[in-house]
Amino acid sequence: MEGDADIARTAALFADPARVRVLLALADGRALAASVLAAEARLSAPGVSAHLAKLRAAGLVVAEKSGRHRFYRLAGPDPAELMEALARFSPSQPVTSLREGTRAEALRTARTCYDHLAGRLGVAVTAALLERGALSGASDTRRRPGDRISAPLREHPYTLGPHATEVFGSLGVDLDAAAAGRRPLLKFCLDWSEQRHHLAGALGAAVATRFTEAGWVRRRGQAHRAVKLTPEGARALATRLGLADLAA
């Protein structure tokens, strides 16, 4: 017989700032080497190894080998979603340098939430998909009563719209391919920085992958989950989705 879930034990893993920096570096779903994580978390090699061991034991992080090298990644989207929820309840850290301020603004402008787009860019794209009939449902994507704070919406009011094939096709996203896997096609998160819904699930991942492959967004750094909309991306989204006010 088992008792209640030991929430305190899991929560304790997030009580160490350096360990949280390791998790945040992995929050976009990539697999990174321990040396990259050590630099991002400002840790020594033994220090990052100790943190990774605890995260692996808790099932939050998994390791995979490529030749003689070992890389680490989140154990699926749930840990990333948990961090998004915690971010909504957490106070902002004081900005003590121009570098920190620039980084914080970059995350709010555009970032990846595991493998889909979030921040102002993510919610703007979702709103435009609704406006153009690629998605159907409530046109207002702001948080409503009943929405769980900064968490995936298990029951959401959105479906594919009457112009889904046309609009997603103009973006280069194959709906049939996105729907072919076991993962839910449509899923939405409540964005912690914008308090509006952004597209997740298999379709959200397909959109983010397409934007990256097309050169419309690019990463700001090797271990940074903030992304930047390129000039080509700004032109493409203005033409295809009418998003003319996004900064390139």
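In what follows, the structure referred to is the one given above.
What this report covers is the structure whose coordinates are included nearby. Here the structure is a predicted model, which means the values were calculated and not measured. (Residues numbered from 1 in each chain as written. Predicted model: local features only at pLDDT ≥ 70, side-chain atom pairs only at ≥ 80, totals over all residues. Heavy atoms only, no water.)

What follows concerns the nonpolar core. Counting residues in each nonpolar core, the largest one holds 35 residues, and the members touching the most others are Leu129, Phe168, Leu171, Leu203, Phe211, Leu237 and Leu241. Going through the elements one at a time, helix H7 (119-131), helix H8 (164-170), helix H9 (175-179), helix H10 (201-213), strand E11 (224-229) and helix H11 (231-241) are the ones with two or more residues in this core. Top element by residues in this core is H7. It accounts for six residues. Among residues more than four places away in sequence, those in contact with Leu237 are Leu121, Val125, Leu171, Phe211, Trp216, Leu229, Gly242, Leu243 and Leu246. Listed in part, the 23 residues of the second largest apolar core include Phe14, Ala38, Val48 and Val61. (Core = buried A, V, L, I, M, F, W, Y, C linked by side-chain atoms within 4.5 Å. Buried < 20%, exposed > 50% of the residue type's maximum accessible area, 1.4 Å probe, protein only. Helix = DSSP H or I, 4+ residues; strand = E, 2+ residues; numbered from the N terminus. Contact = heavy atoms within 4.5 Å.)

With that out of the way, let us pick up the sheet that holds strand E3 (residues 69-74). Sheets are built from strands that pair by backbone hydrogen bonding, the pairs being arranged parallel or antiparallel. On the basis of which strands lie adjacent, the open sheet formed by three strands has the order E1-E3-E2 and antiparallel pairing. Pairing within the sheet leaves two strands with one partner each, and these edge strands are strand E1 (32-33) and strand E2 (61-66). Relative to E3, E2 is paired through six bridges, and the arrangement is antiparallel. In the strand pairing of E3, Val61 is matched with Leu74. (Pairing = 2+ DSSP bridges.)

Running from amino to carboxyl end, helix H2 (residues 17-25) crosses helix H3 (residues 34-41) at an angle of 125°, the nearest separation of the two axes being 9 Å. In terms of axis orientation, H2 runs oblique to H3. Our pair here, H2 against H3, has a crossing hand that is right-handed. Across the interface between the two elements, Ala18, Arg21, Val22 and Ala25 from H2 touch Leu37, Glu40 and Ala41 from H3. Looking at the contact of H2 with H3, its residues break down into five nonpolar, no polar and two charged. (Axes fitted to C-alpha atoms, helices over the stretch in contact; angles between N-to-C directions. Parallel < 35°, antiparallel > 145°, perpendicular 65-115°, else oblique. Left-handed = near helix turned anticlockwise from the far one by under 90°. Nonpolar A, V, L, I, M, F, W, Y, C, P; charged D, E, K, R; others polar.)

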